Amino acid sequence: MNRKEKILIMGACGQIGTELTAALQLTYGVNNVIASDIKHSDKLPEGTLFETLDAMDVKQLLTIIKKHSVNQVYLLAALLSATAEKNPEFAWKLNMESLFNVLNLGKEKIIQKIYWPSSIAVFGPTTPRVNTPQFTIMEPSTVYGISKQAGERWCEYYFNKFNVDVRSLRYPGLISWKSEPGGGTTDYAIHIFHEAIKTKRYNCFLEENTTLPMMYMDDAIKATTQLMDAPFESVRIRSSYNLSAISFSPKEIFEEIKKHIPDFSISYLPDFRQKIAESWPATIDDNCARNDWDWNHSYKLTDIVDEMLKMLSNDLKKLF
Ligand code: AKB
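Below: a short report on this structure. (Residues numbered from 1 in each chain as written. Predicted model: local features only at pLDDT ≥ 70, side-chain atom pairs only at ≥ 80, totals over all residues. Heavy atoms only, no water.)

**Details of the sheet that holds strand β11 (residues 212-216)**
The mixed open sheet is built from three strands, whose spatial order is β9-β11-β13. The open sheet has two edge strands, β9 (173-175) and β13 (246-248), and neither has a second partner. The average undirected angle you get between the axes of adjacent strands in this sheet is 45 degrees. Of the strand pairs in this sheet, β9 and β11 are connected by three bridges, and their pairing is parallel. (Pairing = 2+ DSSP bridges. Helix = DSSP H or I, 4+ residues; strand = E, 2+ residues; numbered from the N terminus. Axes fitted to C-alpha atoms, helices over the stretch in contact; angles between N-to-C directions.)

**Thoughts on the sheet that holds strand β6 (residues 118-119)**
Reading across from one edge, β6-β8-β12 is the order of the three strands in this open sheet, with parallel pairing throughout. Of all the strands in the sheet, just β6 and β12 (241-242) have a single pairing partner and so form its edges. One ladder, built from two bridges, connects β6 with strand β8 (residues 169-171); its direction is parallel. The partner of S118 across the bridge, within β8, is R170.

**Some remarks on the site of the ligand**
Taken together, the neighbourhood of the ligand is formed by L80, S81, S119, I120, Y144, G184, T185, T186 and W280. Measuring from an oxygen atom of the ligand, one finds a backbone N or O atom of T185 at 2.7 Å. A distance of 2.9 Å separates a nitrogen atom of the ligand from a polar atom in the side chain of T186. The protein chains hide 93% of the 250 Å² of surface that the ligand would expose on its own. Residue composition of the shell around the ligand, grouped by class: four nonpolar, five polar and no charged. (Near = heavy atom within 4 Å. Polar contact = N/O pair within 3.5 Å; in protein donor to acceptor, adjacent residues only side chain to side chain. Areas by Shrake-Rupley, 256 points an atom, 1.4 Å probe, with all protein chains shown as cover. Nonpolar A, V, L, I, M, F, W, Y, C, P; charged D, E, K, R; others polar.)

**Things to note about the nonpolar core**
Residues L8, I175, Y188, F193, I253 and I257 are the most contacted members of the largest nonpolar core, which totals 68 residues. What F193 contacts, discounting residues up to four positions off in sequence, is I175, I253, I257, V305, M308, L309 and L312. Grouped together as the second largest cluster of nonpolar side chains are 34 residues, V33, Y171, M215 and W293 included. (Core = buried A, V, L, I, M, F, W, Y, C linked by side-chain atoms within 4.5 Å. Buried < 20%, exposed > 50% of the residue type's maximum accessible area, 1.4 Å probe, protein only. Contact = heavy atoms within 4.5 Å.)

**Examining the packing of aromatic side chains**
On inspection of all chains with the given rule, the structure shows 13 aromatic pairs. For the ring pair Y74 and Y115, a centre distance of 5.7 Å and an interplane angle of 40 degrees mean the geometry is tilted. Of the two residues, Y74 sits in strand β4 (residues 72-75) while Y115 sits in strand β5 (residues 113-115), which places them 41 residues apart along the sequence. Both rings, one in Y115 and one in Y171, keep their centres 6.4 Å apart while their planes meet at 55 degrees; by these two values the pair is tilted. Linking Y115 in strand β5 with Y171 in strand β8, this pair joins segments that are 56 residues apart in sequence. A single burial state applies to Y115 and to Y171, both of which are buried. Here the aromatic cluster, defined as three or more aromatic residues joined through ring pairs, consists of F100, W154, Y157, Y158 and F162. (Phe/Tyr/Trp six-rings, centres within 6.5 Å; stacked < 30°, edge-to-face > 60°.)

Okay, here's the thing in structure tokens:
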């Protein structure tokens, strides 16, 4: 592994960014990882090098890249599915401009490697919902999904045309306890744990049988670093890889939590996010990732529930 990497994480204070920053610091050293975001968060590990950065500001981005001799960028800044529906124009602007800024730095060979996350939101109501293949019908119906789909096409284009080493994963819903989720449709699978511990009641914004692909954050971080460490030739897909771990419905996760908290109860009051969830796959075929760079998930639903309840309860004890 090349230890001379200088890494910039854009959108480092979000749900993935805070954990990815810590993981990359472990591998490359605290002084070789620069976290950036529109504003600082105390969720970042202590001692993290931090720069304030608006991901759409290419001048500011270039200044930071030069200042720290950055050669790798992880672009995580984005508006997610639910938030993007409330502000479509800004979502499109942020999600696309930030990507072009980074891809163009790759084209100019100012940076050597780029990570950009895509999502299961690239699929839509006409996509086969079960075992969704890597290559299939993609007609996303959300602003977020449209921006991720367009982004995938641009990543592949910059790779083919300008040899930009850009790598990407289509994340499912990500479950974590360290920081809050950022306005997605799959966020219920985190809120449910907080409410189970705090009030023993949860009012779910999706219907009970809405199955969606999900993954524990540790697995998502493992997949991300594994893809970025894979040899150039092994990364055969330059749009974005399907990535899968488990799938469950609100009812299934509720029943699993109830095994630990017997008086936990749930009600269902679906809102606009129900339609988004119904347009997404229930299960994902990620054989390309498993074959090309040996992807394998570790966490099952039972492991996730055990760990989420344990870690969130510990966190709460520290507060009181
Ligand atoms: C969302 O729900 O918008 C995200 C995603 C699946 O990309 N978690």
